[in-house]
There are 2 protein chains.
Amino acid sequence: MFSKSVIDKFNDVVGAEYVLTSKEELLSYSYDSTAGMESMTPELVVKPANTEEVAEVVKVASEEKINIIPRGAGTNLCGGTIPIENSVVVVLTRMDKILEIDEENLTATVEAGVITEELCNRVEAKELLFPPDPGSMSVSTIGGNIAECAGGLRGLKYGVTKDYVMGLEIVLPNGKIIEIGGKTVKNVTGYDLPNLYTGSEGTLGIITKATLELIPAPDTRKTMLAIFDELDDAAETISSIISNKVIPVTLEIMDQVTIKTVEAFAEIGLPTDAEAVLLIEVDGLEEVVERDYKKVIKICEEHNAREVELAKSDEERDELKAARKSSFSALAREKPTTILEDATVPRSNIPAMIKGIREIAERYDLKIGTFGHAGDGNLHPTILADERDEEEMERVHKAVEEIFDLALELDGTLSGEHGIGSAKVGFMTQEIGEDGLQALRDLKYALDPKGLFNPHKLIGADDNE
Amino acid sequence: MFSKSVIDKFNDVVGAEYVLTSKEELLSYSYDSTAGMESMTPELVVKPANTEEVAEVVKVASEEKINIIPRGAGTNLCGGTIPIENSVVVVLTRMDKILEIDEENLTATVEAGVITEELCNRVEAKELLFPPDPGSMSVSTIGGNIAECAGGLRGLKYGVTKDYVMGLEIVLPNGKIIEIGGKTVKNVTGYDLPNLYTGSEGTLGIITKATLELIPAPDTRKTMLAIFDELDDAAETISSIISNKVIPVTLEIMDQVTIKTVEAFAEIGLPTDAEAVLLIEVDGLEEVVERDYKKVIKICEEHNAREVELAKSDEERDELKAARKSSFSALAREKPTTILEDATVPRSNIPAMIKGIREIAERYDLKIGTFGHAGDGNLHPTILADERDEEEMERVHKAVEEIFDLALELDGTLSGEHGIGSAKVGFMTQEIGEDGLQALRDLKYALDPKGLFNPHKLIGADDNE
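Keep in mind that what you see is a predicted model, and the values were worked out from it rather than measured.

Criteria and thresholds
Residues numbered from 1 in each chain as written. Chains lettered and ligands numbered in written order. Predicted model: local features only at pLDDT ≥ 70, side-chain atom pairs only at ≥ 80, totals over all residues. Heavy atoms only, no water. Helix = DSSP H or I, 4+ residues; strand = E, 2+ residues; numbered from the N terminus. Buried < 20%, exposed > 50% of the residue type's maximum accessible area, 1.4 Å probe, protein only. Lys, Arg positive; Asp, Glu negative; His and termini not counted. Salt bridge = Lys/Arg side-chain N within 4 Å of Asp/Glu carboxyl O. Contact = heavy atoms within 4.5 Å. Axes fitted to C-alpha atoms, helices over the stretch in contact; angles between N-to-C directions. Parallel < 35°, antiparallel > 145°, perpendicular 65-115°, else oblique. Left-handed = near helix turned anticlockwise from the far one by under 90°. Nonpolar A, V, L, I, M, F, W, Y, C, P; charged D, E, K, R; others polar. Pairing = 2+ DSSP bridges. Buried area = accessible area lost by both parts, 1.4 Å probe. Polar contact = N/O pair within 3.5 Å; in protein donor to acceptor, adjacent residues only side chain to side chain. Core = buried A, V, L, I, M, F, W, Y, C linked by side-chain atoms within 4.5 Å. Least-squares fit on C-alpha atoms with pLDDT ≥ 70 in both. Phe/Tyr/Trp six-rings, centres within 6.5 Å; stacked < 30°, edge-to-face > 60°. Lys NZ or Arg CZ within 6 Å of the ring centre and 35° of its normal. Patch = residues over 30% accessible without salt bridge, like charges linked within 9 Å, V, L, I, M, F, W, Y side chains within 5 Å. Areas by Shrake-Rupley, 256 points an atom, 1.4 Å probe, with all protein chains shown as cover. Charge placed at Lys NZ, Arg CZ, Asp CG, Glu CD. Domains from an automatic or database assignment.

For arginine 347 of chain B, the position within the fold is in the loop between β16 (337–340) and α13 (350–363). Summary of buried charges: arginine 347 of chain B has no salt-bridge partner, and the nearest side chain of opposite charge, glutamate 213 of chain A, is 6.7 Å away. Once you skip the residues sitting within four places of it in the chain, arginine 347 of chain B turns out to touch Glu104, Asn105, Leu106 and Val185 of chain A together with Leu156, Ser239, Ile242, Ala374, Gly375 and Gly377 of chain B.

Next up, the structure:
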């Protein structure tokens, strides 16, 4: 607990009403959506109303050498917003204004605390699209999505959050407010700070405002569910669709473990004897969609799909998608602890990755459901376990390590879209090497010499601290 | 001139054959493609054969506290590769291998010295596209394009170089070699170094290898030239096309000064009494192109285009494009000194920007031809002058300042695609403020504490040096 004089300094900035000090209140900020992580109660939570208050909060914390944990909705899956000792959590959710939707320049300017889905709905009403659609979008904030470089189901065709960040307002660790980038689609004035901050996981300052790129909404879309008796056939279908130059907006896979679990939970008529299903959606202009969906069905059939179901209405489409969307929650109901990974490989290595994960599951006698964004190589192997069972958790940790090893062997990455946070920080050098990690640390401490911003996340603990 | 012992160290690394020491040879590296800049002869030029040699060169230069100027073909337009005193120019052109074109993952892996056009041709033969197409692509290198984040005529639809850089191999200022990013389309492992290095203008190390994203080549395209009696009509046509949700691959403007100059030079039948012409190309699937080009013609006509010429063959298309492509060389023939700017504004402010440039030209009694990538707000106002005429150059400098002021007033940026280099470094704080510039400098000196990499470019001279 901080001294009264320190708390009063924060009260003076944001008003006592927005400084949380009670044990019960603080407890809600001791964890995030990541399973199997140790929680840690912060000393204080503050909720600034605007950028100037954020800057003042940062100055107070910096003077008092208090760690700063920036936070939106806390929906990340990498232990990215779990406090460490001596921390103030800075919650951005009060800064929830959509400041502008500029239809001529196809941009939206928003405060960091805007709920992702709210923005999506607002721009869709204008026949525009903000493509990044992480699973948590109904509660996640734009600021959090940017800090984690969130992905989603539309990533294959439309890319991820960083592809849509044009400009940012940032409170630097020194308390200064800078604006970088803006509404021009081209900008080479200085290093690309908008991209450096996107995915920086709150370690370089606090994102307070963003100018985002929008695109024209597609005219139409078609959604299909293809059922495969053989996993290999499903995997080859993925590669074949893309090498036939169809880029679906969504190309998702669910393996048998996932299918069975979803069906047991949701009873939507999934074939529990199938080895894999693919959820495929193509969008765009009428003529293109018409051509593409037929091509997709043909490719699925050529690869021995048992059946390809085409949604004939919006309701049918939502039903097909419901299966994929409920994958995580269905799996999470099975056992108390759900370890969701997002190891990612080049898409040509998807078959090898899926096979490898199955072998790892067998070797460690674990239930692993694999689903995810197969089209862009971003799988979510999900281990079902019980953290009270120490022996099992031992096997889980070994399996996770092997999944990482496998992904890297297959030219992949530790994380496609969930981030490193505290959950994967121990594996960083395996991918980027000691020299790579040192370069990241050099950059971090250049901007945050006291090391107060979300310490221990992404780049780990450092001697500088 | 360096001492024999220093030169011998470089000889030992790359072989004496690839260390240039004669006055005549060094002279060729004393300038780049930027007009009106003071040249400076380097002490030495070295041409390493591979990444290991680059790393050794960096180590020698670092030990000897010699400035390092990385260089490809030197086609940049911002004074980005002009040496300062005590410099070795490290030329990457011997590293010119296309290492792999991976059709399954849609990636190309290349050494930094590969000529851009050679890569484009190679991937086009496989019906793929590497979209960035800077004007200098027939001689420019990929490494240089990445260092400058080059744009081009296809930027409106397909984006710029940074949108296609997936992974980089970099020699850090400390001589260590790191590989960052790779073939996965999603990667959030660490800060986004590929994007930080893209556009870093050689100030953070040397890019030696790149993994680039490719896209399926469009099936077909249609090219049009629309002629306007009123500049305002042309400007409004640009906005109208995009707000009608047609995103042309190319949407270029030439104003009357440019039209007249090109016609005088090339005699291709351009209407010299027209106030502006737009060059518009749409590409994609047959059906889409068919729909889009008709839509474009209709929009042009609704905005009082005097005539819209549609290319009926590849030859006709090349003819239409020749006018735009020869803009710079035609203007450059008019007077001895051609100052080419690339101030960029949000596309809705294109009309205001064009009008403002005309007023500036009148006020300072200068001939300014404006052409450029109107669709993405990236104009190239080109001032024709004679650097021997001091009084005129005085007016040129004032006009340039006013053009920058105007771009920033209109929510724009100093540079859309040419870079800051040494040419615009004095204007940086006007756009990003003292605090923004300080953040850039902090990042630079974190990675390059001796400040040896392309000093004075992009972030200017610093007290740390």
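All names here are of chain A. The contact between helix α8 (residues 231–243) and helix α13 (residues 350–363) brings their axes to 9 Å, and the two run at 150 degrees. On the basis of their axis angle, the class for α8 and α13 is roughly antiparallel. Crossing angle aside, the handedness with which α8 passes α13 is right-handed. In this structure, α8 uses Leu231, Asp232, Ala235 and Ile238 to contact α13, whose residues at the interface are Ile350, Pro351, Ile354, Lys355 and Arg358. Counted by class, the contact of α8 with α13 contains 6 nonpolar, no polar and 3 charged residues.

Moving on, we get to the environment of proline 271 of chain A. All names here are of chain A. Relative to the assigned elements, proline 271 resides in the loop between α9 (256–266) and β14 (276–284). Through-space distance from the C-alpha of proline 271 to that of glutamate 127 is 36 Å; in sequence the pair is 144 residues apart. With residues up to four places along the chain from it excluded, the contact list for proline 271 reads Ile227, Ile259, Val277 and Arg306.

So, on to the sheet that holds strand β6 (residues 107–111) of chain A. Residues and elements named next belong to chain A. Taken together, the 5 strands give an open sheet; going across it, the order is β5-β6-β10-β8-β9, and neighbouring strands pair in antiparallel fashion. Edge positions in the sheet fall to β5 (98–102) and β9 (177–181), since each of these pairs with one other strand and no more. Averaged over all pairs of adjacent strands, the angle between strand axes in this sheet comes to 10 degrees, irrespective of strand direction. Judged from the 5 bridges that link them, β6 and strand β10 (residues 206–213) form a sheet pairing that is antiparallel. Residue pairing in the sheet places threonine 109 in a bridge with threonine 211 of β10. Each of β8 (165–171), β9 and β10 touches helix α3 (residues 51–63); the most contacted strand, β8, lies at about 50 degrees to it.

This next bit is on the interface of chain B and chain A. Taken together, the contact between chain B and chain A spans 73 residues of the former and 73 residues of the latter. Buried surface at the junction of chain B and chain A, both sides included, amounts to about 6200 Å², of which 63% is carbon and sulfur. Its largest share of buried area at the contact with chain A, chain B owes to Lys186, Val188 and Tyr191 of chain B, together 16% of the area lost on that side. Seen at the junction of chain B and chain A, the total is 12 salt bridges. Lysine 162 of chain B is the partner of aspartate 192 of chain A in a salt bridge, and the nearest nitrogen-oxygen pair spans 3.3 Å. At the boundary of chain B with chain A, the tally comes to 28 residue pairs in polar contact (both at pLDDT 80 or more). Those elements that provide at least two residues to the side of chain B that touches chain A are α7 (193–197), α8 (231–243), α10 (286–302) and α15 (428–447) of chain B. A per-element tally of the side of chain B that touches chain A places α15 of chain B first, with 12 residues. Partitioned by chemical class, the residues of the side of chain B that touches chain A number 30 nonpolar, 22 polar and 21 charged.

Glancing now at the nonpolar core. Ranked by internal contacts, the top residues of the largest apolar core, which has 196 residues, are Leu119, Ile253 and Met353 of chain A together with Leu119, Ile253 and Met353 of chain B. Discounting chain neighbours no more than four positions away, the residues touching isoleucine 253 of chain B are Leu231, Ala234, Ile238, Ala276, Val277, Leu278, Ile354, Thr370, Phe371, Gly372, Ala374 and Leu379 of chain B.

We now examine the relation of the copies chain B and chain A. Turning chain B through 180 degrees and shifting it by 0.0 Å along the axis lays it on chain A, with an RMSD of 0.0 Å. The relationship between the two copies is best expressed as a two-fold rotation axis. Counting the interface residues of chain B, we find that 100% of their copies in chain A are interface residues as well, pointing to one common contact surface.

Next up on the list: the packing of aromatic side chains. Residue and element names in this part refer to chain B. Counted according to the given criterion, the structure contains 4 aromatic pairs over all chains. Taking NZ or CZ as reference, lysine 222 lies 5.2 Å from the ring centre of tyrosine 293, over its face. In this structure, lysine 444 is placed above the aromatic ring of tyrosine 445, and the distance from its NZ or CZ to the ring centre is 6.0 Å.

Attention shifts here to a negative patch on the surface. Residues and elements named next belong to chain A. Residues Glu307, Glu309, Glu315, Glu316 and Glu319 make up a contiguous surface patch of negative charge. Among the elements of the structure, β15 (305–310) and α11 (314–325) are those that each provide at least two residues to the negative patch. If you tally residues by element for the negative patch, the top one is α11, at 3 residues. Summarising the element assignment, glutamate 315 is placed in helix α11. Overall, glutamate 315 belongs to the exposed group, its relative accessible area being 54%.

Before going further, it helps to examine the domain arrangement of chain A. Its domain assignment divides chain A into domain 1 (4–91), domain 2 (98–216) and domain 3 (220–409). Taking only C-alpha atoms, the centre of domain 1 of chain A and the centre of domain 3 of chain A are 37 Å apart.

Now for the sheet that holds strand β9 (residues 177–181) of chain B. All names here are of chain B. In space, the 5 strands of this open sheet follow the order β5-β6-β10-β8-β9, with antiparallel pairing throughout. Unpaired on one side and paired on the other, β5 (98–102) and β9 mark the two borders of the sheet. Averaged over all pairs of adjacent strands, the angle between strand axes in this sheet comes to 10 degrees, irrespective of strand direction. Contacts from helix α3 (residues 51–63) reach β8 (165–171), β9 and β10 (206–213), with the element oriented near 50 degrees to β8.

Take the pattern of salt bridges next. Applying the stated criterion across every chain, the model contains 74 salt bridges over all chains. When the shortest N-O distance is used, the salt bridge between aspartate 314 of chain A and arginine 317 of chain A registers 3.3 Å. One end of the pair, aspartate 314 of chain A, and the other, arginine 317 of chain A, are both in helix α11, 3 residues apart, so they sit about a helical turn from each other. The class for aspartate 314 of chain A is partly exposed, based on a relative accessible area of 47%. A salt bridge links arginine 221 of chain B to glutamate 281 of chain B, with the shortest nitrogen-to-oxygen separation between them at 3.4 Å. Highlighted residues: arginine 221 of chain B in strand β12 (residues 220–228) and glutamate 281 of chain B in strand β14 (residues 276–284), separated in sequence by 60 residues. Judged by its relative accessible area of 3%, glutamate 281 of chain B is buried.

Next up on the list: the pairing of strand β13 (residues 250–255) of chain B. Residues and elements named next belong to chain B. With 6 of 6 residues buried, β13 is to be regarded as a mostly interior element. Alternating residues of β13 divide into Thr250, Glu252 and Met254 and Leu251, Ile253 and Asp255, and every residue in both groups is buried. Bridge count between β13 and β14: 6 bridges; the pairing is antiparallel. By the bridge assignment, aspartate 255 is partnered in β14 with alanine 276. Sheet analysis places β13 next to strand β17 (residues 367–373), joined by 2 bridges and oriented antiparallel. The partner of methionine 254 across the bridge, within β17, is phenylalanine 371.

Turning our attention to the environment of aspartate 229 of chain A. All names here are of chain A. With respect to the secondary-structure elements, aspartate 229 resides in the loop between β12 (220–228) and α8. Each C-alpha atom of the pair aspartate 229 and alanine 276 lies 6.8 Å from the other, and the pair is 47 residues apart in sequence. Those residues in contact with aspartate 229 that sit more than four places away from it in its chain are Glu275 and Arg306. Looking at aspartate 229, its side chain comes within polar contact range of the side chain of arginine 306, at 2.6 Å.

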